[in-house]
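# What the coordinates show
Residues per chain are reported as follows:
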Amino acid sequence: MKTLTIVLTDGPYISEYAEIACKLAENALKQYQVNIFLYLDAVHIPKKGQTPSFFSSAGELFTGLAEKGAVIRACARCAAARGYIAEEETANGSNCRDYIPGIKISSLYELSEMLSKSDKVISL
């Protein structure tokens, strides 16, 4: 199966990149393995408890993608710099108590591996 990797750098509600990435990933999952890597301020996307009044919850969209098989990872250094700490044990498919289920904090080494195994890469 071919692989698509999407790299996001903007935080939620700054632009529509999170929503665009979700729509791309949703359609791509029909034919591709999908990886999403959250970098820089995009590590805020899976934060629990976000309830924007005029936008859809980006975190909930990403949970749906994870449930459908997308691999979603957040940069460990970016996350730590913003107060999200990876823990040893995972719960609900996540290794950060501040994150919604299905998203894990990982290293840039995993991004490198994702990119090297991808047939297509999109950066938003």
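As shown above, the structure is provided for reference.
Cut-offs and rules
Residues numbered from 1 in each chain as written. Predicted model: local features only at pLDDT ≥ 70, side-chain atom pairs only at ≥ 80, totals over all residues. Heavy atoms only, no water. Patch = residues over 30% accessible without salt bridge, like charges linked within 9 Å, V, L, I, M, F, W, Y side chains within 5 Å. Areas by Shrake-Rupley, 256 points an atom, 1.4 Å probe, with all protein chains shown as cover. Salt bridge = Lys/Arg side-chain N within 4 Å of Asp/Glu carboxyl O. Helix = DSSP H or I, 4+ residues; strand = E, 2+ residues; numbered from the N terminus. Buried < 20%, exposed > 50% of the residue type's maximum accessible area, 1.4 Å probe, protein only. Pairing = 2+ DSSP bridges. Right-handed = clockwise from strand over helix to strand, strands pointing away. Core = buried A, V, L, I, M, F, W, Y, C linked by side-chain atoms within 4.5 Å. Contact = heavy atoms within 4.5 Å.

This part takes up a nonpolar patch on the surface. A cluster of nonpolar side chains, contributed by Tyr17, Ile20 and Leu24, occupies part of the molecular surface with about 230 Å² of accessible area. With respect to the element layout, Leu24 can be found in helix α1 (residues 17-28).

A complete count under the given rule lists five salt bridges for this structure. Close ionic contact of Lys68 with Glu26 constitutes a salt bridge, the shortest N to O distance being 2.5 Å. You can see Lys68 sitting in the loop between α2 (58-67) and β3 (71-75) and its partner Glu26 sitting in helix α1, a full 42 residues away along the chain. Looking at Lys68, the relative accessible area reads 51%, which means it is exposed. Among the salt bridges present, the one from Glu87 reaches Arg97, with a minimum N-O distance of 2.6 Å. With Glu87 in the loop between α3 (76-81) and β4 (103-106) and Arg97 in the loop between α3 and β4, this pair connects stretches of sequence that are 10 residues apart.

With respect to burial, strand β1 (residues 2-8) is a largely interior element, six of its seven residues being buried. Sheet topology places β1 next to strand β2 (residues 32-38); seven bridges connect them, and they run parallel. Across the sheet, Leu8 pairs through a bridge with Leu38, a residue of β2. For the crossover from β1 across α1 to β2, the handedness is right-handed.

Membership of the largest hydrophobic core comes to 37 residues, with the highest contact counts inside it found for Leu8, Ile36, Leu38, Phe62, Ile72 and Tyr99. Residue assignment for this core shows that the elements contributing at least two residues are β1, α1, β2, α2, β3, α3, β4 and α4 (108-116). Sequence-distant contacts of Leu38, that is, excluding residues within four places in its chain, are made with Leu8, Val43, Ile45, Pro46, Phe62, Ile72, Arg73, Ala74, Cys75 and Ile103.

Further remarks concern unusual backbone geometry. Although it is not a glycine, Tyr13 adopts a positive phi angle of roughly 70°. Mapping Tyr13 onto the fold places it in the loop between β1 and α1. For Tyr13, a relative accessible area of 23% gives the class partly exposed. The phi dihedral of Leu40 falls on the positive side, at around 55°, and the residue is not glycine. Following the sequence through the fold, Leu40 ends up in the loop between β2 and α2. Exposure remark for Leu40: the relative accessible area of 38% places this residue in the partly exposed category.

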